[in-house]
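# Examining the three-dimensional arrangement
Now for the letters of each chain:
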Amino acid sequence: MKKSLLKSTFITLLLSLCSPIAMAADFSADAFAEPDAVESEMNEVQIIVHGGNTVQVKNAEGQIIEVYSITGAQVMAVKVDSNSKVYEITTLQKGCYIVKVGKVTRKIFIKDY
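For the structure given in this document, a descriptive report is provided here. Note that the coordinates shown come from a computational prediction; the quantities given were computed from them, not determined experimentally.

### Regarding the sheet that holds strand S4 (residues 74–79)
- The four strands lie next to each other as S4-S3-S6-S7, forming an open sheet whose pairing is antiparallel. In this open sheet, the two edge strands, each paired with only one partner strand, are S4 and strand S7 (104–110). Looking at each pair of strands side by side, their axes are set apart by 20° on average, direction ignored.
- Sheet topology places strand S3 (residues 64–69) next to S4; five bridges connect them, and they run antiparallel. Bridge pairing links Ile65 to Val78 in S4.

Below, the structure written as structure tokens:
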């Protein structure tokens, strides 16, 4: 019962993160960041998407990058071995995925080219 409830909650969270409203909310929160918060973000983990299937992770040496499908299934997990690392995610089908490194989570969209 707990596992089923947890899975449905996780799927609801994933779907809300991939909605346009969630993207607008993420943007508006960053627009009003305090100067001290901006400075502390420089040392925090950063997940940057380049193109349709390349993910760059900064400030995450020694942590694990986890990629989840929209259904909540983990599709990739790799230990980050340097301060700035680029990952080509060519094995995944196009769609929405969740990337998690430590406490930082981002949604990404894999595109076909």
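Having seen the model, we can carry on.
### Side note on the pattern of salt bridges
- Taken as a whole and assessed by the stated rule, the structure comprises two salt bridges.
- The salt bridge partner of Asp81 is Lys85, with a shortest N-O separation of 3.4 Å.
- Here Asp81 falls in the exposed class, since its relative accessible area comes to 52%.
- Given the relative accessible area of 27%, Lys85 is considered partly exposed.

Definitions and limits used
- Residues numbered from 1 in each chain as written.
- Predicted model: local features only at pLDDT ≥ 70, side-chain atom pairs only at ≥ 80, totals over all residues.
- Heavy atoms only, no water.
- Pairing = 2+ DSSP bridges.
- Helix = DSSP H or I, 4+ residues; strand = E, 2+ residues; numbered from the N terminus.
- Axes fitted to C-alpha atoms, helices over the stretch in contact; angles between N-to-C directions.
- Salt bridge = Lys/Arg side-chain N within 4 Å of Asp/Glu carboxyl O.
- Buried < 20%, exposed > 50% of the residue type's maximum accessible area, 1.4 Å probe, protein only.

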